[in-house]
Amino acid sequence: MTNDALRVRAEQLGVQTSYYDVLGTHHEARPDVLQQVVDVLEADTRSVHDGPVAPIHRADGGPVIVRSTVVDAELVVAGERRPIDVRPGDGADQIDLPGDLPVGCHTLDIDTGGTVSACVVVVSPAIMPRSPELDRTSALFVPTYALWEHDRPLPSFRHLADLAAALPPLGVDVVSTLPLYATFLDDPFDPSPYSPISRLHWNEVYLDDDGLPPAPVPALGGEVDWRRLGERRRAQLIEAARTLDATTAAAVDAFVIEHPDVAQYARFRAATESGGDLVVERSHALAQYLADRQLAAIRDRPEAAAIALDLPIGSHPAGYEVWAHPELFATEMSVGAPPDAFFAEGQSWGFPPPLPTAGHRSGQQLWRQLIARVGRHADVLRIDHAMAVERLWWVPGDLPADRGVYVHYPREEILAVIAAAAAAAGITIVGEDLGTVPGEVAEAFDRWDVLGMYEEQFHLDDDPLPHIPARTVAGIRTHDMAALAEAIDTLDTNGYRARVGAAHGREVTDTWQDVLEQMLIRLSYSEAYMAIADLDDLLGDPRPHNLPGRIVPEIWRRRLDRPTSEVLADPEVRRFLATLARPR
């Protein structure tokens, strides 16, 4: 195949064969890279077996067309099977969907005489769902692993529950935290919340000690020792699984029947840890049952703050998702990002990208599962790197990150599935749209009215002060950016302080406290859907949560320097929270 023919075929398969970087420089994909990506996408396309009905159908797209004679058809809505009428046609039957279907993703089972095909029927709202009750609210971000008390020094869901209960009296309506998914804490060891074993299953280290066999409580100091806590929790759960009482055992069994993926996950963990030991398998099922109960208890408190969680863009290459659904991933590739002003050589994040055709063929199964699972326990979901609904940067094998190419996805189909699943779960969706956003993505997000993000620290040099958009969750910075105290200490903020001081009618000094207060006032009085601040910034802590592109021991493990209750009792913290509180 000539290079020109290769480029034509690549574009037919959804590959972007060139792109402009942040400086406007045009880059053409290398033929060897295109060939590797084309080979993977050709195999993905060839794996499609045309059935009589499309694997996914939007309810607003007219009748379902079946390229065969339908013997029987049933629509499954919330577990209930409903017979449905079929209109015979010449070579293709048609199924008119009921006009009163609830929002969500439903399954249409179609029998064409010995063969039953399934079609996912997507009933989505016109725009991406968001809760009117959370409009003009304020939020506080803090990693759950950072929370502790003298009498309960270890990370736990209970600390998150206590924080959610403590914040509303202080004027804060939402608590936002990092992903709480299971991570590898032995071999391999990767505690990053953005490289989880699975985005469907929870991190057992966060289970409360109550109800588990007693174990020595290690002294943690200023950082969480993930490996040590992982070993401790594994020993507790294995002992608990061995001595499980009949009532709890029956409850775990019922939970696994309701969530079959938990059984798969438990088998996967047991196979990789112990060669398939049944007690180890049982211990992982028990862990997910307990996590589900403890997370549910947070939302059961009507007076508690809402919970906002993050959905990582992918999962660990050695994790559950690739093991359970290898057909959905391009395991020869890694997701990353092209070179930019911060990473001159680009980034390769190590996890495989989803295959576009396989995702469509599954009825966007993974998206549906991810939204439904987190929707059981969260009120707000921030989708990391939301541009993934349009395109991802694929890096072949061991090639440098700058050798990648963009591969496109069925954006409208994915957005419709996210909107439908989120509306059914009652969860507000936020798309992380910071950085360069392609025009077609910005247009789609406008059309779907997707909540985006705004970070004040990105705009310190903007003159005049920028308007904070209404359709955003607006904050000072993300967890991937320098702490505010560090930014004020190292950057020239003279211009920003002069501009915000003029806007607020006061002089703003170069202390972090003074700059923070004015930023909080700007956020609080803005039109943003939600205003959010990082607890570290309210404490003046200069240390980052994460250092993107670098693997260093101290990231993803730093605890608060004093118990959570003492932090919330601090008069200065309370003053800052009161400033952040939104006038209604």
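Here the structure is a predicted model, which means the values were calculated and not measured.

Draft legend 1. Structural view of the overall build of the protein chain. Along the backbone of the protein chain there are 18 helices and 24 strands. When its C-alpha atoms are laid out on the principal axes, the protein chain stretches across 75 × 65 × 50 Å. Considering the protein chain as a whole, with its 584 residues, one finds that 55% of them fall into the buried category. On the protein chain, roughly 24500 Å² of surface is accessible, and the fraction owed to carbon and sulfur atoms is 52%. Charged side chains of the protein chain number 51 positive and 89 negative; the gap between the two group centres comes to 3 Å.

Draft legend 2. Quick peek at the sheet that holds strand β16 (residues 333–337). Sheet architecture is open: five strands sit in the order β1-β20-β19-β16-β17, paired in antiparallel fashion. Of all the strands in the sheet, just β1 (15–16) and β17 (347–348) have a single pairing partner and so form its edges. Pairing analysis gives four bridges linking β16 to strand β19 (residues 391–396), with the strands arranged antiparallel. Considered in β19, the bridge of Val335 is made with Trp394. Across the sheet, helix α2 (residues 31–46) is in contact with β1, β16, β19 and β20 (405–408); its angle to β19 comes to roughly 110°.

Draft legend 3. Molecular detail of helix α4 (residues 226–242). In this model α4 runs 24 Å from its N-terminal to its C-terminal C-alpha over 17 residues, within 8% of the 24 Å that 1.5 Å per residue would give. Where α4 is concerned, the buried positions are Trp226, Leu229, Gly230, Arg232, Arg233, Arg234, Gln236, Leu237, Ile238, Ala240 and Ala241. Buried residues belonging to α4 abut β13 (184–185), β14 (189–190), α6 (260–274) and α7 (278–299).

Draft legend 4. Representation of helix α11 (residues 411–425) in the model. Between its first and last C-alpha atoms α11 spans 21 Å; for 15 residues at 1.5 Å apiece the expected length is 21 Å, and the two agree. Of all 15 residues that make up α11, 11 are buried, and the element is covered over most of its length. What α11 keeps buried is the set Arg411, Glu413, Ile414, Leu415, Ala416, Val417, Ile418, Ala419, Ala420, Ala421 and Ala422. Looking at the residues trailing α11, positive phi occurs at Gly426, about 70°.

Draft legend 5. Quick peek at the nonpolar core. Val37, Trp202, Trp394, Ile418, Ile429 and Leu538 are the most contacted members of the largest nonpolar core, which has 165 residues in total. Among the elements that make up this core, the one with the highest residue count is α11 (nine residues). Contact partners of Ile429, with chain neighbours within four places excluded, come to Met128, Pro129, Ile371, Leu381, Ile383, Ile418, Ala422 and Leu451. Grouped together as the second largest cluster of nonpolar side chains are 16 residues, Ile95, Leu101, Val121 and Val123 included.

Draft legend 6. Representation of the pattern of salt bridges. Following the criterion strictly, the structure yields 42 salt bridges and no others. The shortest N-O distance in the salt bridge between Arg130 and Asp449 comes to 3.0 Å. With a gap of 319 residues between them, Arg130 in the loop between β10 (116–123) and β11 (137–141) and Asp449 in the loop between α12 (439–448) and β22 (452–455) connect regions that are remote in the sequence. The class for Asp449 is partly exposed, based on a relative accessible area of 22%. With a shortest N-O distance of 2.9 Å, Arg562 and Asp570 are connected by a salt bridge. Assessed through its relative accessible area of 16%, Asp570 is described here as buried. Members of the salt-bridge network, linked through shared partners, are Glu390, Arg411, Glu412, Glu443 and Arg447.

Draft legend 7. Focus on the environment of Ala401. Topologically, Ala401 is positioned in the loop between β19 and β20. Using a relative accessible area of 10% as the deciding quantity, one classes Ala401 as buried. Taking the C-alpha atoms as reference, Ala401 lies 6.6 Å from Pro338; in sequence the two are 63 residues apart. Once you skip the residues sitting within four places of it in the chain, Ala401 turns out to touch Ala337, Glu345, Gly346, Gln347, Ser348, Trp393 and Val395.

Thresholds applied
- Residues numbered from 1 in each chain as written.
- Predicted model: local features only at pLDDT ≥ 70, side-chain atom pairs only at ≥ 80, totals over all residues.
- Heavy atoms only, no water.
- Helix = DSSP H or I, 4+ residues; strand = E, 2+ residues; numbered from the N terminus.
- Buried < 20%, exposed > 50% of the residue type's maximum accessible area, 1.4 Å probe, protein only.
- Areas by Shrake-Rupley, 256 points an atom, 1.4 Å probe, with all protein chains shown as cover.
- Lys, Arg positive; Asp, Glu negative; His and termini not counted.
- Charge placed at Lys NZ, Arg CZ, Asp CG, Glu CD.
- Pairing = 2+ DSSP bridges.
- Contact = heavy atoms within 4.5 Å.
- Axes fitted to C-alpha atoms, helices over the stretch in contact; angles between N-to-C directions.
- Expected span 1.5 Å × (residues − 1).
- Core = buried A, V, L, I, M, F, W, Y, C linked by side-chain atoms within 4.5 Å.
- Salt bridge = Lys/Arg side-chain N within 4 Å of Asp/Glu carboxyl O.

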